[in-house]
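Okay, here's what each chain looks like letter by letter:
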Amino acid sequence: MRRYGLILLACVALSACSQAVPEQTPDWQGRLPTRVPTPTPTATPFAISAEAYYELGLERQRRGDREAAERFFTWALERDPDFAPAHVSLGSLALAEGELDKALQETEAALEIEPLAKAYVLRGEVLRYWGRSEEALKAYERAVTLDPSLWDETFSSRWQAARAEDTGEALEHLAAGFAERNAEDPLRFYYQGWASFKAGRHEEAIVLLTRGVEASGAETALFWYLLGRGYVEIEAWEEAIVSLETARDMLERQDTSLEIHTGMPVTDLFTALGQAYLGAYRCGDAEAMLAYAISVGAPEAELGDDLERARICPTATPISFATATPSGQ
């Protein structure tokens, strides 16, 4: 019994001690380094400007990669919807694919943002392909006014539009500008000569084209052909025949200069030669030339009357009304 009392007393004492002394946290545990929480990663877009996308598009375009170029130009506009040059470049790609509606749409989008000279050039190209030559000329002129450095770049297109419009004033303006900028280029005589021809000054055209023959060197089919056309207009048949036959000989020797003036050099040359033979009453030659011209693409509806005349024309001695000769004498 006494032993039981001692044990109970010891238990009570131990219990009192445990309640009097609170449990202590080890000193080393409170000084453990704490790890900084790792932030949750978020997607950050790669910062690239519209200009950078545009330059990448131009590089791909120079390489001939149309799809990549179009993609970069589109991204440039997504980056900056007011980046007008990208609209112009997209329009140029569309024009190259024959997508004229889309090309004009991109052009107008660019011009709504700012009056870019290149956008006016593109507008001129689209309008020219549509046959709206007068409007095309106005667009080209606006482009050159904004950026005079585009004069040479747009000259060929403006010349074609002026020829299609068939206005002597526009042709003479362009011819004079070309001659001023290219004083040593024989082609100045072509442009000035054709402008004079279309203005009805045929003798003046003959003089200018004769100077072109003298200045152009080996490849002169262009000048001989137009010289022959000038002689036809003044009914100088023999001189016309000599000029056109010379052009034909050069064409057969692979002279390609006539392509500057026409996309159908053989057709146009044999048509003119047939008409010159007809004027000189060389009926058999005229019939052969006109029939050949029709066979290679000349419109039969336009040459049918001449061909019929060649088949029934009498033989006569032609009269020359020439006021100038190919040699310029």
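So, here is what we can say about the structure in this document. (Residues numbered from 1 in each chain as written. Predicted model: local features only at pLDDT ≥ 70, side-chain atom pairs only at ≥ 80, totals over all residues. Heavy atoms only, no water.)

Quick notes on a nonpolar patch on the surface
- On the surface, a cluster of nonpolar side chains totalling about 210 Å² of accessible area is made up of Val266, Tyr292 and Val296.
- By relative accessible area, Val296 is classed as partly exposed at 32%. (Patch = residues over 30% accessible without salt bridge, like charges linked within 9 Å, V, L, I, M, F, W, Y side chains within 5 Å. Areas by Shrake-Rupley, 256 points an atom, 1.4 Å probe, with all protein chains shown as cover. Salt bridge = Lys/Arg side-chain N within 4 Å of Asp/Glu carboxyl O. Buried < 20%, exposed > 50% of the residue type's maximum accessible area, 1.4 Å probe, protein only.)

A closer look at the state of the cysteines
- Evaluated as defined, the whole model comprises one disulfide.
- Between the sulfur atoms of Cys283 and its disulfide partner Cys313 the distance amounts to 1.7 Å. Residues Cys283 and Cys313 are joined by a disulfide whose S-S torsion is about -135 degrees; by sign, that bridge is left-handed. Placement of Cys283 in helix α16 (residues 283-295) and of Cys313 in the segment after α17 (300-312) is noted, with a sequence separation of 30 residues between them. Just as Cys283 is buried, Cys313 falls in that class too. (Disulfide = S-S within 2.5 Å. Helix = DSSP H or I, 4+ residues; strand = E, 2+ residues; numbered from the N terminus.)

Focus: unusual backbone geometry
- One non-glycine residue with positive phi stands out, namely Glu235, at about 60 degrees.
- By the secondary structure assignment, Glu235 is in the loop between α13 (221-233) and α14 (237-252).
- One non-glycine residue, Gln254, adopts positive backbone phi at about 70 degrees.
- Mapped onto the secondary structure, Gln254 falls in the loop between α14 and α15 (265-279).
- Gln254 gets classed as exposed once you look at its relative accessible area, which sits at 63%.

Points about the packing of helix α9 (residues 151-165) against helix α10 (residues 168-181)
- Taken N-terminus to C-terminus, the directions of α9 and α10 make an angle of 150 degrees; their axes are 10 Å apart at the nearest point. Comparing the axis directions of α9 and α10 gives the class roughly antiparallel. With respect to the hand of their crossing, α9 and α10 are arranged in left-handed fashion. Mapping the contact onto sequence places Trp151, Asp152, Phe155, Arg158, Trp159, Ala162 and Arg163 in α9 and Ala170, Leu171, Leu174, Ala175, Gly177, Phe178 and Arg181 in α10.
- By residue class, the composition of the contact of α9 with α10 is nine nonpolar, one polar and four charged. (Axes fitted to C-alpha atoms, helices over the stretch in contact; angles between N-to-C directions. Parallel < 35°, antiparallel > 145°, perpendicular 65-115°, else oblique. Left-handed = near helix turned anticlockwise from the far one by under 90°. Contact = heavy atoms within 4.5 Å. Nonpolar A, V, L, I, M, F, W, Y, C, P; charged D, E, K, R; others polar.)

A look at the packing of aromatic side chains
- Enumeration over the complete set of coordinates arrives at 15 aromatic pairs.
- Between Tyr54 and Phe73, the aromatic rings sit 5.6 Å apart at their centres with planes inclined by 45 degrees, giving tilted as the arrangement. Of this pair, Tyr54 sits in helix α3 (residues 50-63) while Phe73 sits in helix α4 (residues 66-79), and the two are 19 residues apart along the sequence. Neither Tyr54 nor Phe73 differs from the other in exposure class; each is buried.
- Centroid distance Trp194 to Phe197: 4.7 Å. Interplanar angle 10 degrees. Geometry classified as stacked. Here Trp194 and its partner Phe197 are both found in helix α11 (residues 187-198), three residues apart, which amounts to about one turn of the helix. Neither Trp194 nor Phe197 differs from the other in exposure class; each is buried.
- In textbook terms, an aromatic cluster arises when at least three aromatic residues are bridged by ring pairs, as seen for Trp151, Phe155, Trp159, Phe178, Tyr190 and Tyr191.
- Lying over the aromatic face of Trp151, Arg158 brings its terminal NZ or CZ to 4.6 Å of the ring centre.
- Directly above the aromatic system of Trp151 lies the positively charged group of Arg181, at a separation of 4.0 Å from the ring centroid. (Phe/Tyr/Trp six-rings, centres within 6.5 Å; stacked < 30°, edge-to-face > 60°. Lys NZ or Arg CZ within 6 Å of the ring centre and 35° of its normal.)

Concerning helix α7 (residues 117-129)
- Its 13 residues give α7 an end-to-end C-alpha distance of 19 Å, which sits within 8% of 18 Å, the value for a rise of 1.5 Å per residue.
- A large share of α7 lies buried, amounting to ten of its 13 residues.
- Every buried residue of α7 is accounted for by Ala117, Ala119, Tyr120, Val121, Leu122, Gly124, Glu125, Val126, Leu127 and Arg128.
- The secondary structure elements touched by the buried residues of α7 are α5 (84-96), α6 (100-113), α8 (133-146) and α9.
- With its phi angle positive at about 85 degrees, Gly131 sits one or two positions after the end of α7. (Expected span 1.5 Å × (residues − 1).)

Some points on the side chain of Ser133
- For Ser133, the location among the structural elements is in helix α8.
- Excluding anything up to four places from it in sequence, Ser133 contacts Ala161, Ala164 and Glu165.

Examining the environment of Glu300
- With respect to the helices, strands and loops of the structure, Glu300 is situated in helix α17.
- Accessibility expressed as a relative area gives 54% for Glu300, which makes it exposed.

Some thoughts on α17
- Between the first and last C-alpha of α17 there are 17 Å, a value that for 13 residues agrees with the 18 Å anticipated at 1.5 Å per step.
- Residues of α17 that are buried: Leu303, Asp306, Leu307 and Ala310.
- Residues of α17 that are buried sit in contact with α15 and α16.

Remarks on the pattern of salt bridges
- The tally for this structure, following the rule as stated, stands at 17 salt bridges.
- Where Glu153 meets Lys118, a salt bridge forms, and the shortest distance between an N and an O atom there is 3.0 Å. Residue Glu153 is found in helix α9, and its partner Lys118 is found in helix α7; the two are separated by 35 residues along the sequence.
- Taking relative accessible area as the criterion, Lys118 reaches 41% and is therefore assigned partly exposed.

Note that every value here comes from positions in space, so none of it alone points to a role or purpose.
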